[in-house]
Amino acid sequence: MSITTVGIIGAGTMGNGIAQACAVKGIKVVMVDISDAAVQKGLATVSGSLDRLIKKEKITQADKDAALGCIQISTSYDDLKAAQLVIEAATENYELKLKILKQVDSIVGPDVIIASNTSSISITKLAAATSRADKFIGMHFFNPVPMMALVEIIRGLQTSDATHDAVKAMAVALGKSPITVKNAPGFVVNRILVPMINEAFFVLAEGLATPEDIDAGMKLGTNQPIGPLALADMIGLDVCLAVMNVYMAEFNDSKYRPAPLLKEMVAAGWLGRKTGRGVYQY
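In what follows, the accompanying structure is described. (Residues numbered from 1 in each chain as written. Predicted model: local features only at pLDDT ≥ 70, side-chain atom pairs only at ≥ 80, totals over all residues. Heavy atoms only, no water.)

1. Side note on the overall build of the protein chain
Then, number 1: Of regular secondary structure, the protein chain possesses eleven helices and eight strands.
Then, number 2: For the C-alpha atoms alone, the extent of the protein chain along its principal axes is close to 55 × 45 × 35 Å.
Then, number 3: Taking the intrachain contacts of the protein chain between residues at least 6 apart in sequence as the baseline, contacts between residues at least 24 apart amount to 65%.
Then, number 4: Carbon and sulfur atoms make up 55% of the accessible area of the protein chain, which totals about 13,100 Å².
Then, number 5: Here the protein chain contributes 27 positively and 27 negatively charged side chains, and the mean placements of these two sets differ by 2 Å. (Helix = DSSP H or I, 4+ residues; strand = E, 2+ residues; numbered from the N terminus. Contact = heavy atoms within 4.5 Å. Areas by Shrake-Rupley, 256 points an atom, 1.4 Å probe, with all protein chains shown as cover. Lys, Arg positive; Asp, Glu negative; His and termini not counted. Charge placed at Lys NZ, Arg CZ, Asp CG, Glu CD.)

Right, dumping it as structure tokens:
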């Protein structure tokens, strides 16, 4: 299958990042969200990101204009009919994703592949809620999408080889380095990463070190580009907690219990960069 138009549901951080990654490669994008304000904000974010690349002399003004020309914004799912691949990039909430996917499934043609950018929810379970389980797949991008090379391609139990191969080829066309993963909570990267972040909150709560020293220790000791607590603030503490809750429910193993401090900070509304306060203040 030749994928020339990609539909993206959600114009937030992940959605507009995926839109940019597609558009700079000349792939047409239809980016849909619930309000005009949301899609306009998403488009403005892409524009600002491209401006930064111009300043770094990575692209030209003409490249930016061409990329923006590839992006159509909309508040109507009907506009997704032009796509050969639709990527759901909504908030990490099972019921919300299920509602969106059922709606998209009923609108787009039977040959259209539907992918979810979920970081923790079962692809097999989501696929089963559609009429095209063999054409459903996980396509997990990493933030910031334009910069991060990895895409986890997650096969549900029902995903066909043709669907997997088409999506893998699409990821390579975007300049990404895809890895293929079997369906399991958290897949590979987040299965290892988020419990590490959660453990950092246990360490912080026990007063073993300051946030700065915990992050410095992991950066200098394990060569990570960012410490786990600063990364939690970037991801969103609510997202980290939601992922840990999924692991706890799915594995029923106490090693996945969310750190009480993480739960307390989320209850306080200290969600990280997006609220101006998390482990650190912004």
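2. So, the sheet that holds strand β1 (residues 5-9)
Then, number 1: Ordered in space as β3-β2-β1-β4-β5-β6-β7-β8, the eight strands form an open sheet in which the pairing is mixed. Each edge of the open sheet carries a strand with a single partner, namely β3 (71-74) and β8 (177-182). Sheet twist, expressed as the mean angle between neighbouring strand axes with direction ignored, is 25 degrees.
Then, number 2: Pairing geometry for strand β5 (residues 113-116) and strand β6 (residues 136-141), over three bridges, is parallel. Bridge assignment links Ile114 to a residue of β6, and that residue is Phe136. (Pairing = 2+ DSSP bridges. Axes fitted to C-alpha atoms, helices over the stretch in contact; angles between N-to-C directions.)

3. Regarding the packing of helix α7 (residues 189-205) against helix α9 (residues 228-235)
Then, number 1: Contact pair α7 / α9: the axes reach a minimum separation of 9 Å and the direction vectors enclose 115 degrees. In the crossing of α7 with α9, the sense of the turn from one axis to the other is left-handed. When α7 is examined against α9, the residues Leu193, Met196, Ile197, Ala200, Phe201 and Leu204 are found in contact with a partner set consisting of Pro228, Leu229, Leu231, Ala232 and Ile235. (Left-handed = near helix turned anticlockwise from the far one by under 90°.)

4. Remarks on the pattern of salt bridges
Then, number 1: A full pass over the atoms with the stated rule returns seven salt bridges.
Then, number 2: Residue Lys97 is joined to Glu88 by a salt bridge in which the shortest nitrogen-to-oxygen separation is 2.5 Å. Each member of the pair, Lys97 together with Glu88, is buried. (Salt bridge = Lys/Arg side-chain N within 4 Å of Asp/Glu carboxyl O. Buried < 20%, exposed > 50% of the residue type's maximum accessible area, 1.4 Å probe, protein only.)

5. Comments concerning the environment of Glu264
Then, number 1: Looking at where Glu264 falls in the secondary structure, it is placed in helix α11 (residues 260-267).
Then, number 2: For Glu264, a relative accessible area of 57% translates into the label exposed.
Then, number 3: Linking Glu264 and Lys219, residues 45 residues apart in sequence, is a C-alpha distance of 26 Å.

6. Quick look at the packing of aromatic side chains
Then, number 1: Within this structure, the stated rule accounts for three aromatic pairs.
Then, number 2: Pairing Tyr247 with Phe251 gives two aromatic rings, centres 6.2 Å apart and planes at 65 degrees, and the pair type is edge-to-face. Of the two residues, Tyr247 and Phe251 both sit in helix α10 (residues 237-251), four residues apart, roughly one turn of that helix.
Then, number 3: Look at Phe251 and you get partly exposed, because its relative accessible area is 29%. (Phe/Tyr/Trp six-rings, centres within 6.5 Å; stacked < 30°, edge-to-face > 60°.)

7. Quick notes on unusual backbone geometry
Then, number 1: Residue Pro144 is bonded to the preceding Asn143 through a cis peptide linkage, with omega at 0 degrees.
Then, number 2: Within the secondary structure, Pro144 is located in the loop between β6 and β7 (150-155).
Then, number 3: Phi is positive for Asn252, which is not a glycine, with a value near 50 degrees.
Then, number 4: Here Asn252 shows up in the loop between α10 and α11.

8. A look at the pairing of β8
Then, number 1: Two strands pair when backbone bridges link them, and β7 and β8 are joined in this way by six bridges, in the parallel orientation. Bridging from a neighbouring strand, Arg155 pairs with Lys182 of β8.
Then, number 2: With respect to chirality, the unit in which β7 leads through helix α6 (residues 161-173) into the neighbouring parallel β8 is right-handed. (Right-handed = clockwise from strand over helix to strand, strands pointing away.)

9. Considerations on α6
Then, number 1: Here α6 is 13 residues long and its end C-alpha atoms lie 18 Å apart, about the 18 Å a rise of 1.5 Å per residue gives.
Then, number 2: What α6 keeps buried is the set Thr163, His164, Ala166, Val167, Met170 and Ala171. What you see down the axis of α6 is that its buried residues fit within an arc of 165 degrees, all on one side. Turned more than 90 degrees from where α6 packs its buried face, Asp161 and Ala162 sit exposed.
Then, number 3: Where α6 ends, the next residue or the one after it, Gly175, has phi of about 85 degrees, a positive value. (Expected span 1.5 Å × (residues − 1). Arc of directions from axis to C-beta.)

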